Amino acid sequence: MRTLITTKGAHHQPTLRTIKDHLARCETEGFWLDIEAPDDEDYAILEKGFGFHHLSVEDIRHRNQRPKLEEFKGYAFLVLFQAEVDRAHEVKFIEHHGFLAKDYLVTIHEDASPELNELRDRIDAEPDLTKGDPGFLTYLVVDVLVDSLFPVLERLDEHIDQLQDDILAHATPELLGEITRMKHDVIELRKYLGAQRDMFQRLITHSLNLHQQDLTLYWRDVLDHLVRQYETVDSLRDLLTSAMDVYLSTVSNRLNVTMKALTVIASVFLPISFLTGFYGMNFAFLTGVLEPPYWSFFVGVGTMVAAVVIQLWFFRRRGWL
């Protein structure tokens, strides 16, 4: 699906002829062409209609690229990543491709992007938003894609806090699996953000020289957002590491409590076992005093009870119970 919007706010679904008409007058009226779920016709438009290099078109076909900015004659090829969190709190990465030229911008993505749809509606309602400059229009698109990550990071932060509370309440193996999965997602997110941060750092020190207006100030704003996001992801990784430590400590404490209870039980039965063994011996010299049948049983039981009481009193005094 193709959507074209000009710097004057005109918004429509273009045909190949419409795109060629806008290319012919793009010097006076810049435009932004957004392509969602490209097909063979769209690839033909990119390669033959715009004249983009076949290597960059192949990158779009095959996808699974890394964040990068490659300069070609008359335009630059950009790969940028978004992220979203589903109901299961799994992070999904969305790959965006863009062709940045002096008088126009072309973006390509496989899945629908609510952020880009909202930006198109804003430009259509407020044409002055673009300042009539294709370069500033490019900044608006890139800024929207970068800023869309802030809500994702907030949701991840809230979910990690909830995980920590659940671990303190009742640590289960399922929570450990959730922590491990989230840690993998956060590390993957950190990798993408690190590459995008370096990419925009390069834009500040090395301008593309494609636009009439110096966009260094605006790229610096985007870089600032990326640095904040990168630092937040580092914090999330530390929080997940702490959550795993809390899980291990909780499980270890639970094991210690269990072992303490078992040790107390074993200790209580230790003197009882000794006394029953002693009274059950077959040496008349040791047990002859207990031979009379009337009170021997009570003497044995009383000795065992007394031993248990003394033990419990001693354990409580030492703080073991």
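Up top is the structure these notes are about.
Rules behind the numbers
- Residues numbered from 1 in each chain as written.
- Predicted model: local features only at pLDDT ≥ 70, side-chain atom pairs only at ≥ 80, totals over all residues.
- Heavy atoms only, no water.
- Patch = residues over 30% accessible without salt bridge, like charges linked within 9 Å, V, L, I, M, F, W, Y side chains within 5 Å.
- Areas by Shrake-Rupley, 256 points an atom, 1.4 Å probe, with all protein chains shown as cover.
- Salt bridge = Lys/Arg side-chain N within 4 Å of Asp/Glu carboxyl O.
- Helix = DSSP H or I, 4+ residues; strand = E, 2+ residues; numbered from the N terminus.
- Buried < 20%, exposed > 50% of the residue type's maximum accessible area, 1.4 Å probe, protein only.
- Lys, Arg positive; Asp, Glu negative; His and termini not counted.
- Charge placed at Lys NZ, Arg CZ, Asp CG, Glu CD.
- Pairing = 2+ DSSP bridges.
- Contact = heavy atoms within 4.5 Å.
- Axes fitted to C-alpha atoms, helices over the stretch in contact; angles between N-to-C directions.
- Phe/Tyr/Trp six-rings, centres within 6.5 Å; stacked < 30°, edge-to-face > 60°.
- Lys NZ or Arg CZ within 6 Å of the ring centre and 35° of its normal.

Enquirer: Just to check I follow, could you spell out a nonpolar patch on the surface for this structure?
Expert: On the surface, Leu255, Met259, Leu262, Ile265 and Phe269 cluster together into a nonpolar patch covering about 510 Å² of accessible area. In this fold, phenylalanine 269 is placed in helix H8 (residues 216–279).

Enquirer: I tried to follow the pattern of salt bridges on my own but got confused; where do I start?
Expert: Where charged atoms of side chains with opposite charge meet at close range, the side chains can pair. Considering all chains together, one arrives at 14 salt bridges under this definition. In this structure, the salt-bridge partner of arginine 2 is aspartate 42, at a minimum N-O distance of 2.4 Å. Pair noted here: arginine 2 is in strand E1 (residues 2–6) and aspartate 42 is in helix H2 (residues 40–49), with a separation of 40 residues, a long-range link. Each member of the pair, arginine 2 as well as aspartate 42, is classed as buried. Where salt bridges share partners, they join Arg2, Glu41 and Asp42 into one cluster.

Enquirer: Looking at this structure, how should I read a negative patch on the surface?
Expert: Among the surface-exposed residues, Glu154, Asp157, Glu158, Asp161, Asp165 and Asp166 lie close enough to one another that they form a single negatively charged patch. Locating aspartate 165 in the fold gives a position in helix H6 (residues 149–169).

Enquirer: So what exactly am I meant to see when it comes to the sheet that holds strand E7 (residues 104–109) here?
Expert: Two pairing modes exist for strands in a sheet, parallel and antiparallel, and in both the strands are linked by backbone hydrogen bonds. Pairing in this open sheet of seven strands is mixed, and the strands run E2-E1-E3-E7-E6-E5-E4 from one edge to the other. Either end of the sheet is taken by a strand with one partner, and the two such strands are strand E2 (11–12) and strand E4 (68–72). Both E4 and strand E5 (residues 75–85) contribute to a ladder of five bridges, which runs antiparallel. Each residue of the ladder has a partner; that of leucine 69, found in E5, is leucine 78. Of the strands in this sheet, E1, strand E3 (31–36), strand E6 (91–101) and E7 touch H2, which is tilted by about 40° from E1.

Enquirer: For this particular structure, what's the right way to read the environment of serine 113?
Expert: For serine 113, the position within the fold is in the loop between E7 and helix H4 (114–125). Along the chain, serine 113 and glutamate 36 lie 77 residues apart, while their C-alpha atoms are 8.6 Å from each other. Leave out the neighbours within four places in its chain, and serine 113 touches Gln82, His96 and Leu145.

Enquirer: Even after reading the chapter, I still don't get the environment of leucine 312, so can you show me in this structure?
Expert: Within the secondary structure, leucine 312 sits in helix H10 (residues 296–317). The exposure class assigned to leucine 312 is partly exposed, which follows from its relative accessible area of 35%. Taking the C-alpha atoms as reference points, leucine 312 and serine 267, separated by 45 residues in sequence, lie 9.6 Å from one another.

Enquirer: Any chance you could explain the pairing of E3 here in plain terms?
Expert: Sheet faces and side chains relate simply in a regular strand, where the side chains alternate between the two faces. Burial analysis of E3 places six of its six residues in the buried class, which makes it a mostly covered element. Every second residue of E3 is oriented toward a common face, with Phe31, Leu33 and Ile35 on one face and Trp32, Asp34 and Glu36 on the other, all of them buried. Relative to E3, E1 is paired through five bridges, and the arrangement is antiparallel. Bridge pairing in E3 places arginine 2 opposite isoleucine 35. As judged from the six bridges shared by E3 and E7, these two strands associate in the parallel manner. Residue pairing for E7: phenylalanine 31 is matched across the bridge by tyrosine 104.

Enquirer: Even after reading the chapter, I still don't get the packing of aromatic side chains, so can you show me in this structure?
Expert: Each aromatic ring pair is specified by the distance between its two centres and by the angle formed by the two planes. For the structure shown, the criterion picks out 16 aromatic pairs. Among the aromatic residues, those joined into a ring-pair cluster are Phe31, Phe50, Phe52, Phe72, Tyr75, Phe77, Phe99 and Tyr104. The cationic tip of lysine 191 hangs over the ring face of tyrosine 192; the distance from NZ or CZ to the ring centre is 5.4 Å. In this arrangement the basic side chain of arginine 197 is found over the ring face of tyrosine 230, its NZ or CZ atom lying 4.2 Å from the centre.

Enquirer: Got a minute to help me understand the pairing of E5 in this structure?
Expert: Here E5 lies mainly inside the structure; ten of its eleven residues are buried. Once E4 ends, the chain turns through two residues before running back antiparallel as E5, passing glycine 74 with a positive phi of about 90°. Here eleven bridges tie E5 to E6, and the two strands are oriented antiparallel to one another. What sits directly across from tyrosine 75, in E6, is alanine 101. The turn linking E5 back onto E6 is made up of five residues, and histidine 89 within it adopts a positive phi angle of 60°.

Enquirer: It is not clear to me how unusual backbone geometry should be interpreted in this structure. Could you clarify?
Expert: Across the chain, the bulk of peptide bonds are trans and the bulk of non-glycine residues have phi less than zero. Residues other than glycine seldom take positive phi values, yet alanine 37 does so here, at roughly 50°. Following the sequence through the fold, alanine 37 ends up in the loop between E3 and H2. Classification of alanine 37 as partly exposed rests on a relative accessible area of 36%. One non-glycine residue, arginine 63, lies in the positive phi region at around 60°. Structurally, arginine 63 can be placed in the loop between helix H3 (54–62) and E4. Overall, the relative accessible area of 18% leaves arginine 63 in the buried class.

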